[in-house]
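What follows is the residue order along each chain.
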Amino acid sequence: MLIYAGMARLPTSRVALLQYLYPAVALLIDGLLLGQRLDGGQWLGLGIIACAVVWAERQAAR
């Protein structure tokens, strides 16, 4: 519930970018809380997602 209340206060473009982070955060939480190990492809995917979100944020700030 809190996440949707927070989204209502953010611009649409920022909410769209945050949607890409959900799978990455889920993988990290899975690894930290449940002890699941990420393989190389998953780490690569996390890195690509993080870079894309940072790049898109910088483009939006221009």
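Note: the structure precedes this text.
Note that the coordinates shown come from a computational prediction; the quantities given were computed from them, not determined experimentally.

Definitions and limits used
- Residues numbered from 1 in each chain as written.
- Predicted model: local features only at pLDDT ≥ 70, side-chain atom pairs only at ≥ 80, totals over all residues.
- Heavy atoms only, no water.
- Helix = DSSP H or I, 4+ residues; strand = E, 2+ residues; numbered from the N terminus.
- Buried < 20%, exposed > 50% of the residue type's maximum accessible area, 1.4 Å probe, protein only.
- Expected span 1.5 Å × (residues − 1).
- Arc of directions from axis to C-beta.
- Contact = heavy atoms within 4.5 Å.
- Polar contact = N/O pair within 3.5 Å; in protein donor to acceptor, adjacent residues only side chain to side chain.
- Salt bridge = Lys/Arg side-chain N within 4 Å of Asp/Glu carboxyl O.

J.: I keep staring at the environment of glycine 45 and nothing clicks. Help me out?
T.: Among the secondary structure elements, glycine 45 is positioned in helix α3 (residues 40–61). Glycine 45 gets classed as partly exposed once you look at its relative accessible area, which sits at 26%. Placed 25 residues apart in sequence, glycine 45 and tyrosine 20 show a C-alpha to C-alpha distance of 11 Å.

J.: What is the right way to read α3 from this model?
T.: The periodicity of an α-helix, 3.6 residues per turn, causes residues three or four places apart in sequence to face the same way. Counted at 1.5 Å a residue, the expected span for α3 with its 22 residues is 32 Å, and the 32 Å between its end C-alpha atoms agrees. Buried residues of α3: Leu46, Val53 and Ala56, and no others. Around the axis of α3, the buried residues are gathered within 100° of arc, so they sit on the same side. For α3, exposure combined with an orientation more than 90 degrees from the buried face picks out Gly40, Gly41, Leu44, Ile48, Cys51, Trp55 and Arg58. Those residues of α3 hidden inside the fold are in contact with α2 (12–34). The backbone nitrogen of glycine 41 lies 3.2 Å from a side-chain oxygen of the residue at the head of α3, namely aspartate 39.

J.: Quick question: what am I supposed to make of the pattern of salt bridges here?
T.: Side chains bearing opposite charge may pair, as long as their charged atoms lie close to each other. With the rule as written, the count across this model stands at 1 salt bridge. One salt bridge connects arginine 14 with glutamate 57, and the closest N-O pair in it is separated by 3.0 Å. Note that arginine 14 is positioned in helix α2 and glutamate 57 in helix α3, a separation of 43 residues in sequence. Under the relative-accessibility criterion, glutamate 57 is labelled partly exposed at 25%.

The values reported here are purely geometric and, on their own, carry no functional implication.
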